[in-house]
Amino acid sequence: MVDMVNVLGIDTSCDDTAVAVVADGRRIRSSVVLSQQSLHAAHGGVVPEVASRRHLEAIRPAVGRALDEAGVRLEDIGLVAATVGPGLAGSLMVGYNLGRALALGRGLPFAPVNHLEGHIYSAWLIPPSGERTSHTGEAPEPALPLLVLIVSGGHTELVLMGAHGVYQRLGGTLDDAAGEAFDKVGRLLGLPYPGGPSIQRAAAALPPGAQAATLPRAWLRGTDNFSFSGLKTAALHLTRATGAGLDEREVEAIAAGFQDSVADVLATKTAAAAAKHSVRGVALCGGVAANSAVRERLRAALPQRLPLHVPPPALCTDNGAMIAAAGYYRRGEAVAPSAGGSVRPNLALPV
Ligand code: KG4
Ligand code: ZN
């Protein structure tokens, strides 16, 4: 390959210290994610000061492991990419500044990456095993225009991607992000943090034949927007209706009903937007894309001929590989590390 480039990708936007090496923007050579989950679980959510301090301790070992596992040395890296925002300021600074320092030390170009664009480029990644979500066994590059649904802890965005780096925002949540709703309802139900995987587990434990709770759907017809706060309130009322604490079966029924409502609305509205904009494919990205009900519903709602790109669950949640991929496709705009500026906690997707 003419311009084979190893990109070192770093993400410390929230509570995972993530570093990866990706070749040519697509092939993962290593992906290390040091989770802080157990550190924050007792608080039921991420504590920013705790997160940034932990990133400081973990970032150097994470870089070392990512290089080792990829079988490369810093000399073999052609570009350093790190998340510039959005995210927690103190957390972002750790990965961003280390990335700049590494690039500076080796005279490498540096690509500041938008975390949301990173999630989009997770659809381009090819895991080291060669394992693919596609049935062809090949790893086709997503064709453009592509409709992208980003559903994470902080964002729910429906985006039309016309070309690399060119986005049109169709809509998004008017209140809670989808992942935020999972986390809040998880907490209501007394399930461990983070709520997303806990709710998926509880819903799956509902015995066959048992009824899921009926929860509302906010359709916001005629728009590509979403709303999850009413659903969250409805779940709250259900938890209170029983008076005494919920038993296990009731928790499972509410979890299943909640998950069903989120998956239904996300799938139905995304499929409608795909039809309206005659896209050549759909990508489902972000932590909530790891949810099997959301994945299955969306596949079922789309016409069979339309490719759906869904990364394996480990690449849906935050990782360094997606940052490396996005950095690779923006390598034309890479800067000298000394010119990288500062982190941008409130950065939006460039539209
Ligand atoms: O993309 P991500 O790792 O971090 C952000 O950029 O926010 O997303 C984290 C979110 C959390 O809200 C978490 O509860 C949710 O993704 N999540 C899930 C699942 N796995 C993670 N939600 C539903 N089902 C899952 N299996
Ligand atoms: Zn994320």
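In this text, all values refer to a predicted model and were calculated from it rather than measured experimentally. (Residues numbered from 1 in each chain as written. Chains lettered and ligands numbered in written order. Predicted model: local features only at pLDDT ≥ 70, side-chain atom pairs only at ≥ 80, totals over all residues. Heavy atoms only, no water.)

A. Representation of the sheet that holds strand E7 (residues 156-163). Here five strands make up an open sheet; going across it, the order is E8-E7-E6-E9-E10 and the pairing mixed. If you trace the sheet from one side to the other, it starts and ends with strand E8 (166-172) and strand E10 (308-309), each paired once. In this structure, strand E6 (residues 146-151) lies alongside E7, joined through six bridges in antiparallel fashion. Counted as the bridge partner of Leu 149 is Leu 158 from E7. (Pairing = 2+ DSSP bridges. Helix = DSSP H or I, 4+ residues; strand = E, 2+ residues; numbered from the N terminus.)

B. Examining helix H7 (residues 229-241) more closely. Taking 1.5 Å of rise per residue, 13 residues should cover 18 Å, and H7 covers 18 Å from first to last C-alpha, within 8% of that figure. Residues of H7 that are buried: Leu 231, Lys 232, Ala 234, Ala 235 and Thr 239. End-on, the buried residues of H7 take up no more than an arc of 160 degrees, which puts them together on one face. Opposite its buried face, H7 presents the exposed residues His 237, Arg 240 and Ala 241, each directed more than 90 degrees away. (Expected span 1.5 Å × (residues − 1). Buried < 20%, exposed > 50% of the residue type's maximum accessible area, 1.4 Å probe, protein only. Arc of directions from axis to C-beta.)

C. Representation of the nonpolar core. Ranked by size, the top nonpolar core spans 48 residues in total, and within it Leu 147, Phe 228, Phe 258, Leu 266, Val 282, Leu 284 and Leu 302 carry the most contacts. When contributions to this core are tallied by element, the ones reaching two or more residues are E6, E7, helix H5 (178-188), helix H6 (195-205), H7, helix H8 (248-276), strand E9 (281-285) and helix H9 (292-301). Here this core takes 14 residues from H8, the largest share from any one element. Beyond its immediate sequence surroundings of up to four residues, Leu 284 is in contact with Leu 149, Val 151, Ala 289, Val 294, Arg 295, Leu 298, Leu 308, His 309, Val 310 and Pro 311. (Core = buried A, V, L, I, M, F, W, Y, C linked by side-chain atoms within 4.5 Å. Contact = heavy atoms within 4.5 Å.)

D. Structural detail: the environment of Thr 223. Within the secondary structure, Thr 223 is located in the loop between H6 and H7. Taking relative accessible area as the criterion, Thr 223 reaches 33% and is therefore assigned partly exposed. Residues Thr 223 and Leu 170 lie 53 residues apart in sequence; the distance between their C-alpha atoms is 8.4 Å. Polar side-chain contacts of Thr 223 include one of 2.7 Å to the backbone oxygen of Leu 220. (Polar contact = N/O pair within 3.5 Å; in protein donor to acceptor, adjacent residues only side chain to side chain.)

E. Quick look at H6. All of the buried residues along H6 are Gly 195, Gly 196, Ser 198, Ile 199, Ala 202 and Ala 203. All buried residues of H6 lie within an arc of 165 degrees about the axis, which places them on one face of the element. Opposite the buried face of H6, by more than 90 degrees, sit the exposed residues Arg 201 and Ala 204. Where the residues of H6 are buried, they touch H5 and H8.

F. How the structure looks around the packing of aromatic side chains. In this structure the tally under the stated criterion is seven aromatic pairs. An angle of 70 degrees between the planes, with centres 5.3 Å apart, marks the rings of Tyr 96 and Phe 110 as edge-to-face. Of this pair, Tyr 96 sits in helix H3 (residues 89-106) while Phe 110 sits in strand E5 (residues 110-114); the two residues are 14 residues apart in sequence, bridging distant segments of the chain. Both residues of the pair, Tyr 96 and Phe 110, belong to the buried class. Of the aromatic side chains, those joined through ring pairs into one cluster are Tyr 121, Trp 124, Tyr 328 and Tyr 329. (Phe/Tyr/Trp six-rings, centres within 6.5 Å; stacked < 30°, edge-to-face > 60°.)

G. Structural detail: the site of ligand 1. Near ligand 1 you find 19 residues, and of these Gly 153, Asp 183, Gln 200, Asn 291 and Asp 318 are the closest. Here His 119 contributes a side-chain N or O atom positioned 3.1 Å from an oxygen atom of ligand 1. Compared with its free state, where it exposes 560 Å², ligand 1 has 88% of that area covered by protein. Those elements giving two or more residues to the shell around ligand 1 turn out to be helix H4 (115-121), H5 and H6. Partitioning the shell around ligand 1 into residue classes produces six nonpolar, 11 polar and two charged. (Near = heavy atom within 4 Å. Areas by Shrake-Rupley, 256 points an atom, 1.4 Å probe, with all protein chains shown as cover. Nonpolar A, V, L, I, M, F, W, Y, C, P; charged D, E, K, R; others polar.)

Just distances and angles here, no functional claims.
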